[in-house]
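Residue-level structural notes
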Amino acid sequence: MFLRVERLTKRFGGLLAVNDVTFSIEQGKINAIIGPNGAGKSTFFNLISGLHRPTSGTITFKGRDITRLPANERAKLGIARTFQTTHLFEQATVMDNVIIGHRLRTSSNLFDAILRTKRHRREEQACKEKAMEVLDFVGLTDVADRMVANLSQEQKKRAAFALALATDPELVLLDEPAAGINPDETEGLEELIVNMVQRGLTVCLIEHKMSMIMKIADRIMVLNYGEKIAEGTPEEVKNNEAVIQAYLGG
Ligand code: ADP
Ligand code: MG
């Protein structure tokens, strides 16, 4: 079993954002999560990546219970993510974003991240090489020294992928990567995601663009009001009555 969540629940006051969800992310596949706005998709990612603690339920990664592990420890174990709105430093270069991002994600706090910057020059060099490698993979080598503020929306998405890949993950959680970009650019991102899986990564993808999901997802979980209402291949999910109702009713 690669990643398994069992009866996972997250309550915000009276709201059940994720309600008793049991689901496995299969290794080497593109696992997708869809559902109407507010269905609990991003919260589900926050629970897996360690940004939020579940109200109840368990998360197991490669046989280890990680339910109570802090986010930086999960990053070190191989779980990486992107956010729905890209978390980039606009006034820093693409390269520096990848390096700083790597440090912030694997440190226990900002102070620790700064200390590591000052103390470990050798670590710095290794970081830079890793950054070059992931920027090459996402196709941003040419703009590595450019300020993020000057990138196109699509390049910013690719930079966010690079940040996630810099920690050498096994599992990458992508939260609506194609939001706010045009169809041509979306195709480029689809290719990139397929390449990630071909390189041995496992992907879990939240996306609203149904054409993208239907094209590249191996399997889909559908959330509605925090609950899993369906799971299966794109073909199975497309024809599921509960899913059609959730979208039409929502
Ligand atoms: P989705 O990503 O599927 O659109 P979210 O996971 O962002 O949905 O949100 C699910 C529900 O949980 C929404 O009703 C949202 O308002 C609520 N929610 C998300 N995060 C928080 C939070 N930190 N505090 C309170 N409510 C939250
Ligand atoms: Mg969301």
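Since this is a predicted model, take the numbers as computed values, not measurements.

1. Some details on the overall build of the chain
- The number of helices and strands found in the chain is 10 helices and 10 strands.
- The dimensions of the chain, computed from C-alpha atoms along their principal axes, are 55 × 40 × 30 Å.
- The burial tally for the chain puts 39% of its 250 residues in the buried class.

2. Concerning the sheet that holds strand E10 (residues 227-232)
- Taken together, six strands build an open sheet; the order of strands is E6-E7-E8-E3-E9-E10 and the sheet is mixed. Edge positions in the sheet fall to strand E6 (79-81) and E10, since each has one partner strand and no second. Averaged over all neighbouring strand pairs, the angle between strand axes comes to 20 degrees, with direction disregarded.
- As defined by bridge partners, strand E9 (residues 219-224) adjoins E10 across five bridges and the pair is classed as antiparallel. Its bridge partner being in E10, Asn-224 is matched across the sheet by Glu-227.
- Most of the contacts of helix H7 (residues 183-198) go to strand E8 (residues 202-206), to which it runs at about 150 degrees, and overall it touches strand E3 (30-34), strand E7 (171-175) and E8.

3. What about unusual backbone geometry?
- Not every positive phi belongs to a glycine, and Arg-7 is a case in point at roughly 50 degrees.
- The backbone phi angle of Lys-62 is positive, close to 50 degrees, even though this residue is not glycine.
- Tracing the chain through its elements places Lys-62 in the loop between strand E4 (56-61) and strand E5 (64-65).

4. Focus: the site of ligand 1
- Taken together, Phe-12, Leu-15, Ala-17, Gly-35, Asn-37, Gly-38, Ala-39, Gly-40, Lys-41, Ser-42 and Thr-43 make up the full set of residues adjacent to ligand 1.
- For the shell around ligand 1, the elements supplying multiple residues, two or more each, are strand E2 (15-25) and helix H1 (41-49).
- Element by element, the count of residues in the shell around ligand 1 is highest for H1, at three residues.

5. So, the nonpolar core
- With 64 residues, the main nonpolar core has Val-98, Ala-162, Val-172, Val-203, Leu-205 and Val-222 as its most contacted residues.
- The element that contributes the greatest number of residues to this core is helix H6 (residues 153-165), accounting for seven residues.
- Setting aside residues no more than four positions away along its own chain, Val-222 makes contact with Ile-34, Gly-35, Lys-228, Ile-229, Ala-230, Val-237, Val-243 and Ala-246.

6. A few points about the domain arrangement of the chain
- Assigned domains within the chain: domain 1 (1-78 + 171-181 + 202-250) and domain 2 (82-168).
- For domain 1 versus domain 2, the separation of C-alpha centres amounts to 25 Å.
- Facing 13 residues of domain 1, the contacting portion of domain 2 comprises 12 residues.
- Counting only elements with at least two residues in the side of domain 1 that touches domain 2, the list comes to helix H2 (71-77) and E7.

7. Looking at the environment of Ile-30
- Locating Ile-30 in the fold gives a position in strand E3.
- Each C-alpha atom, one on Ile-30 and one on Lys-228, is 18 Å from the other, the two residues being 198 residues apart in sequence.
- When near neighbours in sequence (up to four residues on either side) are disregarded, Ile-30 contacts Ile-193, Val-197, Val-203, Leu-205, Ile-216, Ala-217 and Asp-218.

8. Digging into the packing of helix H3 (residues 94-106) against H6
- In contact at an axis separation of 8 Å, H3 and H6 are set at 35 degrees when each is read in the N-to-C sense. Between H3 and H6 lies a crossing whose hand is right-handed. Counted together, Val-94, Asn-97, Val-98 and Gly-101 of H3 and Ala-159, Ala-162 and Leu-163 of H6 form the full contact between these two elements.
- Residue classes in the contact of H3 with H6 are distributed as five nonpolar, two polar and no charged.

Quick notes on the rules
- Residues numbered from 1 in each chain as written.
- Chains lettered and ligands numbered in written order.
- Predicted model: local features only at pLDDT ≥ 70, side-chain atom pairs only at ≥ 80, totals over all residues.
- Helix = DSSP H or I, 4+ residues; strand = E, 2+ residues; numbered from the N terminus.
- Buried ≥ 20, exposed ≤ 12 C-beta atoms within 10 Å, placed from the backbone.
- Pairing = 2+ DSSP bridges.
- Axes fitted to C-alpha atoms, helices over the stretch in contact; angles between N-to-C directions.
- Contact = placed C-beta atoms within 7 Å.
- Near = placed C-beta within 6 Å.
- Core = buried A, V, L, I, M, F, W, Y, C linked by C-beta atoms within 7 Å.
- Domains from an automatic or database assignment.
- Left-handed = near helix turned anticlockwise from the far one by under 90°.
- Nonpolar A, V, L, I, M, F, W, Y, C, P; charged D, E, K, R; others polar.

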